[in-house]
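Given next are the chains, with one letter for each unit.
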Amino acid sequence: MNAKRMKKGRRWLPLVGLLLLTAILFSYAMFQGGFVSWFLFYSFLPFGLHAFAVALYPIRRVAVSRTVPAKRYHAGEPIPVTVRMELPWAIPPAALTVSGQEPRHGGAMAAWPF
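Residues numbered from 1 in each chain as written. Predicted model: local features only at pLDDT ≥ 70, side-chain atom pairs only at ≥ 80, totals over all residues. Heavy atoms only, no water.

A. Region of the structure containing the packing of aromatic side chains. Going through the model one piece at a time under the given rule, you end up with six aromatic pairs. Between tryptophan 38 and phenylalanine 41, the ring centres sit 5.9 Å apart and the planes meet at 85°, which makes this aromatic pair edge-to-face. Here phenylalanine 41 and tryptophan 38 lie together in helix H2 (residues 34–55), a separation of three residues that amounts to about one turn. Among the residues examined, phenylalanine 41 registers a relative accessible area of 8% and is labelled buried. An aromatic cluster of three or more residues is present, and its members are Phe26, Trp38, Phe41 and Tyr42. (Phe/Tyr/Trp six-rings, centres within 6.5 Å; stacked < 30°, edge-to-face > 60°. Helix = DSSP H or I, 4+ residues; strand = E, 2+ residues; numbered from the N terminus. Buried < 20%, exposed > 50% of the residue type's maximum accessible area, 1.4 Å probe, protein only.)

What follows is the structure in structure tokens.
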């Protein structure tokens, strides 16, 4: 089987699992009835919808740019760096990590949980 085709199939597997879990919880609430089963379904719904939106998020279209104000710095001097991200949709991703790596001097990492 083609490697590209296998990657594409692996991308849709979590979405199918998420939809299956939502369908199972909905059918459990419909057949069981009562407060607890509907509470389980409605408490899962916001997390499931957010996971579905994040899974469909076009992460390849995110534009990240880094600006450093000066061209030269002295040893031990802090370097202020501004990172700008342009997101294609207004939905914030659940967790986004932007890492910059210099070829000789390690790297820096910033993470936004919201």
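The rest of the description comes next.
B. Main features of H2. If you check H2, its first and last C-alpha atoms are 32 Å apart, about what 22 residues at 1.5 Å a residue would give, namely 32 Å. Maximum bend of H2: about 35°, positioned at leucine 45, with proline proline 46 one to four residues after it. Buried within H2 we find Ser37, Phe41, Phe44, Gly48 and Ala53. (Expected span 1.5 Å × (residues − 1). Bend = angle between axes of the 7 residues up to and from the residue.)

C. Region of the structure containing the nonpolar core. Leu18, Leu25, Ala29, Phe41 and Phe44 together form the largest nonpolar core, which totals five residues. Of all the secondary-structure elements, those providing two or more residues to this core are helix H1 (3–32) and H2. It is H1 that provides the largest number of residues to this core, a total of three residues. Those residues in contact with leucine 18 that sit more than four places away from it in its chain are Phe44, Gly48, Ala51 and Phe52. (Core = buried A, V, L, I, M, F, W, Y, C linked by side-chain atoms within 4.5 Å. Contact = heavy atoms within 4.5 Å.)

D. Representation of the environment of tyrosine 57 within the structure. Along the chain, tyrosine 57 falls in the loop between H2 and strand E1 (63–67). The exposure class of tyrosine 57 is buried, given its relative accessible area of 7%. Along the primary structure tyrosine 57 and tryptophan 89 are separated by 32 residues, whereas in three dimensions their C-alpha atoms are 7.9 Å apart.

E. Quick peek at the pattern of salt bridges. Overall, the coordinates contain one salt bridge when judged by the stated rule. The residue arginine 84 makes a salt bridge to glutamate 86 at a minimum N-O spacing of 3.5 Å. Judged by its relative accessible area of 52%, arginine 84 is exposed. Judged by its relative accessible area of 45%, glutamate 86 is partly exposed. (Salt bridge = Lys/Arg side-chain N within 4 Å of Asp/Glu carboxyl O.)

F. Examining a nonpolar patch on the surface more closely. Among the surface-exposed residues, Tyr28, Phe35, Val36, Phe39 and Leu40 lie close enough to one another that they form a single nonpolar patch of about 540 Å² accessible area. For the nonpolar patch, the element with the most residues is H2, which contributes four residues. Topologically, phenylalanine 39 is positioned in helix H2. (Patch = residues over 30% accessible without salt bridge, like charges linked within 9 Å, V, L, I, M, F, W, Y side chains within 5 Å. Areas by Shrake-Rupley, 256 points an atom, 1.4 Å probe, with all protein chains shown as cover.)

G. Broad picture of the side chain of serine 37. You can see serine 37 is positioned in helix H2. Look at serine 37 and you get buried, because its relative accessible area is 1%. Residues within four places of serine 37 in sequence aside, it is in contact with Tyr28, Ala29 and Gln32.

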